[in-house]
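# Summary of structural features
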Amino acid sequence: MANALDEMDPTNPTMEQGKDVGVIAKQVPIKVGVGSTVFVVILWVLAIIPGIIYLWRRQMAGNHLRQLEQKINANASEIDNYLEQRVVILTNCAQLVEKAVKLDEDTYKAIAAYRSGHPEALKDTSDVERNDLAATFDGVSRGINVALERYPELAAHKEIKDAMQQNSYLQREITAARTVYNDSVNQWNRDVNEWPVKMIFAAKHGYTTRVPFIASQEIKEQARGTFFN
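Remember, it's a predicted structure, so these values are computed and weren't measured experimentally.

## Overview of the nonpolar core
Within soluble globular proteins, side chains that are nonpolar generally end up buried alongside one another. If you look at the biggest cluster of nonpolar residues, it comprises 36 residues, and the most contacted ones within it are Leu-65, Ile-144, Leu-148, Ile-160, Tyr-181 and Trp-188. Among the elements of the structure, helix H2 (48-96), helix H4 (127-150), helix H6 (158-191) and helix H7 (197-204) are those that each provide at least two residues to this core. In terms of nonpolar packing, the next biggest core, distinct from the first, is built from 6 residues, Leu-43, Tyr-54, Ala-61 and Ile-200 among them.

Structure, rendered in structure tokens:
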């Protein structure tokens, strides 16, 4: 039998132009059908021992998912800490180049709201909101960089130069922390869809899938840019 996806087969479709992949930012509720209920009933009908084993495995599944949830929360907290440091640096830097940088009012409002609400506001920050915050700061960073390119004398300013170096360092740290966070989210999304025990437990307790940390549009555009002229 030949390979179903044979790259050497000229009849198989290809995409020479490539494809820009995006992450679907949607939390999907975990649901099970009647078959899962029948499965549990059958275990108890057959004998008490299979039912007891199921209860034990359900308890283990609950412990595992709760521990994994705490791990995801800790990973998210690390990202939030870096975001907090980054917004302080970008805000200070934006103030230094305020006359040259024309940031829109909504961006300033987002930064002000973040600074005034952190860390209390982040206790209820969702996956999607965290992505939005990171995207806002990427936009601010890009705006400042554009201004520095237009005004070389500002780029030579020591405080601005130091601030942008710190911003670059924090962005790398966020990228590393994002990888760890996404690994945990990926494990969560696999586990809550693992039938029967974990999935039944997740559905009963109203769990959903989680949204991974997504690269912002600003970062994607920079990645498509020309690095060498």
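More follows now that the structure is in view.
## As for unusual backbone geometry
With an omega of 15°, the peptide bond running from Trp-195 to Pro-196 counts as cis. Inspection of the secondary structure puts Pro-196 in the loop between H6 and H7.

## Some points on H7
Burial within H7 is extensive, with 6 of its 8 residues counted as buried. Regarding H7, the residues found buried are Val-197, Lys-198, Met-199, Ile-200, Phe-201 and Ala-202. Along its buried surface, H7 packs onto helix H1 (34-46), H2 and H6. The positive-phi residue at the C-terminal boundary of H7 is Gly-206, with phi of around 70°.

## Some words on the packing of aromatic side chains
For the coordinates displayed, the defined rule picks out 3 aromatic pairs. With 5.3 Å between their ring centres and 50° between their planes, Trp-188 and Tyr-207 make a pair best called tilted. Here the residue Trp-188 occupies a position in helix H6, and Tyr-207 occupies one in the loop between H7 and helix H8 (217-224), the gap between them amounting to 19 residues. By the burial criterion, Trp-188 is buried, and Tyr-207 matches it. These aromatic residues form a ring-pair network of at least three members: Trp-188, Phe-201 and Tyr-207. Looking at Arg-210, its charged tip hangs above the ring of Trp-188, at a distance of 4.9 Å from the centre.

The rules behind these values
- Residues numbered from 1 in each chain as written.
- Predicted model: local features only at pLDDT ≥ 70, side-chain atom pairs only at ≥ 80, totals over all residues.
- Heavy atoms only, no water.
- Core = buried A, V, L, I, M, F, W, Y, C linked by side-chain atoms within 4.5 Å.
- Buried < 20%, exposed > 50% of the residue type's maximum accessible area, 1.4 Å probe, protein only.
- Helix = DSSP H or I, 4+ residues; strand = E, 2+ residues; numbered from the N terminus.
- Contact = heavy atoms within 4.5 Å.
- Phe/Tyr/Trp six-rings, centres within 6.5 Å; stacked < 30°, edge-to-face > 60°.
- Lys NZ or Arg CZ within 6 Å of the ring centre and 35° of its normal.

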